[in-house]
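Here are the chains, one letter per residue:
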Amino acid sequence: MNRIRIAWRLITRRKWTVFLLAVEIILSSVVLLGMAGRLIFIKDAIQITETFQGEDAYYFTPRSYYSPDFEVESYISPRLREKYEKSEIHTVEYEKKDGAFLNAMVYDDFLIDHVEIAMEAGVWFTEYEGEAVPAVVIGGGCGAGEYIELKNGQSCLVIGVISRDTYVAAFEQSASSGMASLENLVASNVGYDIIVPCAGSRYGSIRGGLAEERQPSEIFVIKDKGAARALQEELLQYGDISSIDEMKQNYAADNRDFGITNGIIALVFLVLTMVGIGGLNGIQSLKNAKIYAVLYILGLSRRKCMILEAINTFTVIGVSFLVFLLVDDKIAPLITPVRSGKIYGWMYGGIVLYFALIYLLTSFSSIRTAARCDVIELYRKEKE
Amino acid sequence: MSLKLLHVYKRFGIDGTSNFQEALKDVSLEIEKGEMLAIKGRSGAGKSTLLHIIGLLDTVDEGSYDFDGMAVEGLDNGEAARLRNTKIGFVLQDFGLIEDDTVLYNVCLPLMFGSTPYKKIKQIAADKLDQVGIGSLAGKKAAVLSGGEKQRVAIARALVNGPDYILADEPTGALDTDNADKIINIMQELHREGKTIVIVTHDDAVANACGRVICMEDGRIP
Ligand SMILES: Nc1ncnc2c1ncn2[C@@H]1O[C@H](COP(=O)(O)OP(=O)(O)OP(=O)(O)O)[C@@H](O)[C@H]1O
Ligand SMILES: [Mg+2]
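Model, not experiment: these values are computed from the prediction.

Asker: I keep staring at empty space enclosed by the protein and nothing clicks. Help me out?
Answerer: In this approach a probe as big as a water molecule rolls over the atoms, and the regions it shows empty are the leftover space. As enumerated under the stated definition, the model contains 2 cavities of 30 Å³ or more in all. In this structure, the largest cavity occupies an estimated 70 Å³ of space. Lining the largest cavity, in full, are I297(A), L298(A), R84(B), N85(B), I88(B), G89(B), F90(B), P110(B), R157(B), A158(B), V160(B) and N161(B). Of all the elements in the fold, those that place two or more residues in the lining of the largest cavity are α2 (77-87), β6 (88-92) and α5 (147-159) of chain B. In terms of residue count, the dominant contributor to the lining of the largest cavity is β6(B) (3 residues). Taken together, the residues that form the lining of the largest cavity break down as 7 nonpolar, 3 polar and 2 charged.

Right, dumping it as structure tokens:
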């Protein structure tokens, strides 16, 4: 109890430094969390480039003046019709048993087999072997293993969950050749709740959708390499077309640049926080070192001095971090540019560890100096 | 009960070289219980080094040290710290107070390493302050006191755990004659109460007040 009193005096004695430290910890936590989130985001985004591995595929968007029902294949020369397969995404609205609406993206087997999506829980369709119609939920709401009951009596089994901000194939944007990147093909934060297999899929499907629409773009997979050029030329007359391989390369390059830029920013920031927090803490524990020298003379062992400093340190970190957790919700919207990424629980833990490390290193190194050399000499030097 | 040093050596490395300097060379010294001893000597003779070893702040490089029948070489850091806390009271030339704390808190500190209730600690500390004649200063910040007052706070703090040994390193070095006299009187009073007192000093008035005077020269006691 008395020792806690001593530790408390050590903290309150330097209240301004401690206050500055706390502010610095809070701000750093906010920014570091954003940085970490952004890097993870990029890592996830790059995963989708695994998509369409080894396929000779083209992304096609009809010009916008065609009606949504425009079927390009009816215009393609008959000799080319057998040379490709087409993949598209439909969007369907279902009514749930409880009356709520469910916005679904309907994937065909080609997409299901070729898209690589970072799962948050559960599995992707390709790893599912059950009888029930499977579904992958976007952004939670229900967990893997639960059933979603529809008003028309059908149901589907949730086999996996992906987070709302994960990239999925969406086929929403058009791709003008040359500049196109996978970014046109995929999207995050889509306005859909669920991904389900299409009618006729080998995974089974749900029927009875209310409003069904087709996404603007589609993919042409060339089966006969010799026909690739001819097909591209024909498609170009009706819209924008680009090779998925090229889109992947552009996308990977963009992400690499983005990753490097963000990595450097994060690194600079890490160094800044290290210097800022470490320096401030170093100053305050250097001031404390003289006090520890006195405590040592009065009969506190070096080990106990260190324990005291550890209590001191962790109280400051702990309290600052608690304050951060309390204000995080309020600060985050103000700094959305640096908070666009994915934030996981473990990142909070990582940040606490990081601070603790800086703190312990700067605090203990100064106590160790105090403990190693002649304490009274040190005490005198401090005095001068 | 006594303190016994036998053939003690202490060496310090010299910064930036692999050489070292012998601050103590073959020092043997016995301090009897109840004695009042002055250690004199020129600057750099090794007086403080010797006092730090006697006070368990530092360890010997060679030789042996027997503290009240215990071999100090066999003590771990924790035990040495406990002995410092309970058996030894230090008084330093520059007082060694925590300047931005109150006089009372400074005097309480040595007792706060143990489990005595804080209320009781404050009482004991207040008594010690009365004993050295500055009871009225208890609530003041240490920083605002005069040198003589600070040194008396330091003495009160050294006494608060009821130690057998009082070790003082130039306790009057920073004080004028009046204040130095007061400190000498307090030390003599403590000596009469049966405390063993070792004072490192340049001041002949202090040395003359002691029962025995030894003079160090270049790390030795001739
Ligand atoms: N921590 C240390 N590191 C290196 N050298 C030291 C250390 N402490 C003492 N010395 C050296 O040991 C010698 C003895 O020092 P000490 O402090 O014991 O002298 P002193 O007799 O107390 O002198 P003064 O009267 O000036 O206080 C000196 O030469 C000093 O430089
Ligand atoms: Mg000295």
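Picking up where we left off.
Asker: Would you explain the sheet that holds strand β1 (residues 2-13) of chain B in this entry?
Answerer: Remark on secondary structure: sheet strands pair via backbone hydrogen bonds, oriented parallel or antiparallel. Taking strand neighbours across the sheet as the criterion, the 4 strands line up as β2-β1-β4-β5 (chain B) in an open arrangement whose pairing is antiparallel. Only two strands of the sheet have a single neighbouring strand rather than two, namely β2 (20-32) and β5 (70-71) of chain B.

Asker: Before we go on, may I ask you to explain the site of ligand 1 in this structure?
Answerer: All names here are of chain B. Close to ligand 1 lie 15 residues; Q21, S43, K47, S48 and T49 are nearest. Take A45: an N or O atom from its main chain is 3.2 Å from an oxygen atom of ligand 1. Protein chains bury 74% of the 630 Å² of accessible surface belonging to ligand 1 in isolation. Of all the secondary structure elements, the ones that give two or more residues to the shell around ligand 1 are β2 and α1 (47-54). Grouping the amino acids of the shell around ligand 1 by side-chain chemistry returns 3 nonpolar, 7 polar and 5 charged.

Asker: Looking at this structure, how should I read the side chain of E99(B)?
Answerer: Residue and element names in this part refer to chain B. Take E99: it is sitting in the loop between β6 and α3 (103-112). Under the relative-accessibility criterion, E99 is labelled buried at 19%. A polar side-chain atom of E99 sits 3.4 Å from a polar atom in the side chain of K150.

Asker: Mind showing me how you'd approach α2(B) here?
Answerer: Because each turn of an α-helix spans 3.6 residues, side chains separated by three or four positions end up pointing in the same direction. Turning to α2(B), its buried residues are A80(B), A81(B), L83(B), R84(B) and N85(B). On its buried face, α2(B) is in contact with α5 (244-297) of chain A together with β4 (62-67), β5, β6 and α3 of chain B. The opening residue of α2(B), the one whose side-chain oxygen lies 3.0 Å from the backbone nitrogen of G78(B), is D76(B).

Asker: What's the story with the pairing of strand β7 (residues 155-162) of chain A in this structure? I'm lost.
Answerer: Regular strands place their side chains on alternate faces of the sheet. All names here are of chain A. With 7 of 8 residues buried, β7 lies mostly within the body of the structure. As paired strands, strand β4 (residues 121-122) and β7 are joined by 2 bridges and run antiparallel to one another. Across the sheet, G122 pairs through a bridge with G160, a residue of β7. Pairing between strand β5 (residues 134-138) and β7: 5 bridges, direction parallel. Bridging across to β7, P134 finds its partner in L157. Bridge count for strand β6 (residues 147-149) against β7 is 3 bridges, and the pairing is antiparallel. Within β7, the residue paired with Y147 across the bridge is L157. In sequence, β6 turns back onto β7 through a hairpin of 5 residues, with G153 there showing a positive phi of about 95°.

Cut-offs used in this document
- Residues numbered from 1 in each chain as written.
- Chains lettered and ligands numbered in written order.
- Predicted model: local features only at pLDDT ≥ 70, side-chain atom pairs only at ≥ 80, totals over all residues.
- Heavy atoms only, no water.
- 1 Å grid on protein atoms, 1.4 Å probe; cavity = no way out; pocket = protein on both sides within 12 Å on 5 of 7 lines; lining within 4 Å.
- Points joined across faces, edges and corners; volume = space filled by probe spheres on them.
- Helix = DSSP H or I, 4+ residues; strand = E, 2+ residues; numbered from the N terminus.
- Nonpolar A, V, L, I, M, F, W, Y, C, P; charged D, E, K, R; others polar.
- Pairing = 2+ DSSP bridges.
- Near = heavy atom within 4 Å.
- Polar contact = N/O pair within 3.5 Å; in protein donor to acceptor, adjacent residues only side chain to side chain.
- Areas by Shrake-Rupley, 256 points an atom, 1.4 Å probe, with all protein chains shown as cover.
- Buried < 20%, exposed > 50% of the residue type's maximum accessible area, 1.4 Å probe, protein only.
- Contact = heavy atoms within 4.5 Å.

Shape is all these values report; function is a separate question.
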